[in-house]
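Residue-level structural notes
Chain residues, written in single-letter form:
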Amino acid sequence: MSTEDAESPKTVPEALASTGAAELTPSAVAVRDAYAFDGGRIHLGALIEGEEPTPAVAVNLSVRMLNRHGLIAGATGTGKTRTLQVIAEQAAHAGASVFVADMKGDLSGIAVPGPASEKLTARAAARGQEWVSRAAPTEFFTLGGEGEGVPIRTTVTDFGPVLLSKVLELNETQESSLGLIFHYADVQGLALLDLKDLRSLIQFLTSDEGKDELKGIGGISTSTAGVILRSLTAFEASGADVFFGEPAFDPAQLLRKAEDGTGIISCLELPGVAMRPALFSTFMMWMLAELYQELPEVGDAEVPELVFFLDEAHLLFKDASDAFLDQVVQTVRLIRSKGVGVFFITQTPKDIPGDVLAQLGNRVQHALRAFTPDDAKALKATASTFPTSEHDLVEVIPALGTGEAIVTVMSENGAPTPVAITAVRAPESSMDPAGAEVISAAVAASALQEEYGTAVDNESAYEILAARAEKDAEAVEAAEKSDEKSDEKAEGKQSSVSTSSASEKDDGGFFQKPAVKSFLRSAGTVLGREITRSLFGTRRRR
């Protein structure tokens, strides 16, 4: 694949564009010039003047400005998914790795060349597009192996307390308490691999034997620990336990390229988790946090390392704490310098907190409908987020048809382009789902399936604490059957196994018990070598 093919969208020949140039209005010329970027371009479509698109005026998105992030918004059925597909496939052909979340199962066609038709060819030509049938190399993933795809899992330790608090819907006090429980596990080297490990640790800390340990990590109330435990148990019962465990996925795998330099599209299939939308949105925030932590600073490269599309973005911010929102804002702001662009897909800009919205330089707004006073208010708020325009956007936005949008993007000099009413081009890949056979074949051929395909249940907190409880019960039984003539001695032995006496505390107490020493050794961490955590509370790798 040549550099020209990688960086230039397939548009109508220059001769066609120049033919209509003399007929362009001054505003059309201004749009054409504003969107004619010098470097690599993603062709979004053609300017609409009057009722029809003007193929001579291309509306583009600068490839090197993809790391300025973006927003694709609009009501259901207005074309958001196809706009996402148009940007994603061109970004991949330009050499950027792409991650997309397929919430409804209708993005898998991005792995299949689109079928040609006379109607499609004519529609594309009207939008200044020389349509060709092609797909991008695609890798399919699922969360925890629910459905077809390479499973993405992570350990509870790696996921961390901040994001876990979000999916457990904890309040700020409970979130703080969960953070202290993680801190306790981190300091003592207690590896938490899956949800049953964390549940076992909380059960221990709320038991008679562990209550003194609970007091020692910040005075967490037993009732708060109980609330966390109940939330965790309900979360686990919902089936979310499959997303936590080993082998833990390395997000750096999302940055792979094909042999010809084309970026690989990582398509996360999510129909199986439609009933747990907050989980998948938070899981994707974990991936962003991991990428931010691991990637080197690259600044503004000609082609970004990764373009990340976060569908149903409003779920990420629903009932989020102020601390969580602050961390999202900081991650979005800082990850740009790592060569990562983040596009949020939702219905209206008001779904995105203002501080996050301010970071989104590339905007594609499809139609919104104003059926109620609240809808009208949201429409006015949406229009106010765009640069000053000669168009009355409050009137234009509801009148947009399917596949039409108003666009403003970040120019190469860092300024927003003028608002362009745009007829969005057609994807070159299939707009229909790929089908189970295509996905199964892609997964079977994946080099990642061997590494991540089979879940591993290594010995961890659940097994070790269960073994410890069994040993304690055996020790009690043995003490009860010991020499009856040595009641006092036998009673002392029983006390040393089953209670936390003052003498035990003087001798080291809990951490001197053989079962706990074994636990610490199995965790593979030297006592006192605390795990350090990143911005989002995820484990910082050393």
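Conventions we followed
Residues numbered from 1 in each chain as written. Predicted model: local features only at pLDDT ≥ 70, side-chain atom pairs only at ≥ 80, totals over all residues. Heavy atoms only, no water. Phe/Tyr/Trp six-rings, centres within 6.5 Å; stacked < 30°, edge-to-face > 60°. Helix = DSSP H or I, 4+ residues; strand = E, 2+ residues; numbered from the N terminus. Lys NZ or Arg CZ within 6 Å of the ring centre and 35° of its normal. pLDDT = per-residue confidence, 0-100. Contact = heavy atoms within 4.5 Å. Core = buried A, V, L, I, M, F, W, Y, C linked by side-chain atoms within 4.5 Å. Buried < 20%, exposed > 50% of the residue type's maximum accessible area, 1.4 Å probe, protein only. Salt bridge = Lys/Arg side-chain N within 4 Å of Asp/Glu carboxyl O.

Quick look at the packing of aromatic side chains now. The tally for this structure, following the rule as stated, stands at twelve aromatic pairs. Ring centres 5.7 Å apart and planes at 35° place the aromatic pair Phe 159 and Phe 283 in the tilted group. Residue Phe 159 is located in helix α6 (residues 156-159), and its partner Phe 283 is located in helix α12 (residues 277-294); the two are separated by 124 residues in the primary sequence. Over the face of the ring belonging to Tyr 292 we find Lys 338, whose NZ or CZ atom lies 4.6 Å from the ring centre. Sitting over the face of the ring of Phe 386, Arg 363 holds its NZ or CZ atom 4.7 Å from the ring centroid.

The next thing to look at is the confidence of the model for the protein. Put simply, the protein has an average pLDDT of 83, and 82% of its residues get 70 or more. pLDDT under 50 marks residues 1-7. Its contacts with residues more than four places away, or in other chains, come to ten contacts. Here residues 12-20 is a poorly scored stretch, pLDDT under 50, and it has six contacts once near neighbours within four places are set aside; other chains count.

Attention now goes to the nonpolar core. Among soluble globular proteins, nonpolar side chains are generally buried collectively. In this structure, Leu 164, Leu 198 and Phe 344 are the most contacted members of the largest nonpolar core, which totals 78 residues. Per-element tally for this core: the top contributor is α12, with nine residues. When sequence neighbours within four positions are dropped, the list of residues in contact with Leu 198 reads Val 156, Leu 164, Leu 178, Ile 181, Phe 182, Leu 192 and Leu 232. In this structure, Ile 87, Val 98, Leu 107 and Cys 267 belong to the second largest nonpolar core, which totals 43 residues.

Following Glu 246, the chain continues to Pro 247 via a peptide bond in cis, the omega torsion being 0°. Mapped onto the elements, Pro 247 comes out in the loop between α11 (222-237) and β7 (265-269). We note that Glu 169 has phi near 60°; this positive angle belongs to a residue other than glycine. Following the sequence through the fold, Glu 169 ends up in the loop between α7 (161-168) and α8 (172-188). Backbone geometry places Glu 312, a non-glycine residue, at a positive phi of 50°. With respect to the helices and strands, Glu 312 occurs in the loop between β8 (306-310) and α13 (314-317).

Glancing now at the pattern of salt bridges. Going through the model one piece at a time under the given rule, you end up with nine salt bridges. A salt bridge links Arg 256 to Glu 139; its shortest N-O distance comes to 2.4 Å. Of the two residues, Arg 256 is situated in the loop between α11 and β7 and Glu 139 in strand β5 (residues 138-143); the sequence distance between them amounts to 117 residues. On the basis of relative accessible area, Arg 256 is assigned to the partly exposed category, the value being 24%. By relative accessible area, Glu 139 is classed as buried at 8%. Between Asp 300 and Arg 336 there is a salt bridge; the shortest N-O distance is 3.1 Å. Here the residue Asp 300 occupies a position in the loop between α12 and β8, and Arg 336 occupies one in the loop between α14 (322-335) and β9 (340-346), the gap between them amounting to 36 residues. Note on Arg 336: relative accessible area 28%, which makes it partly exposed.

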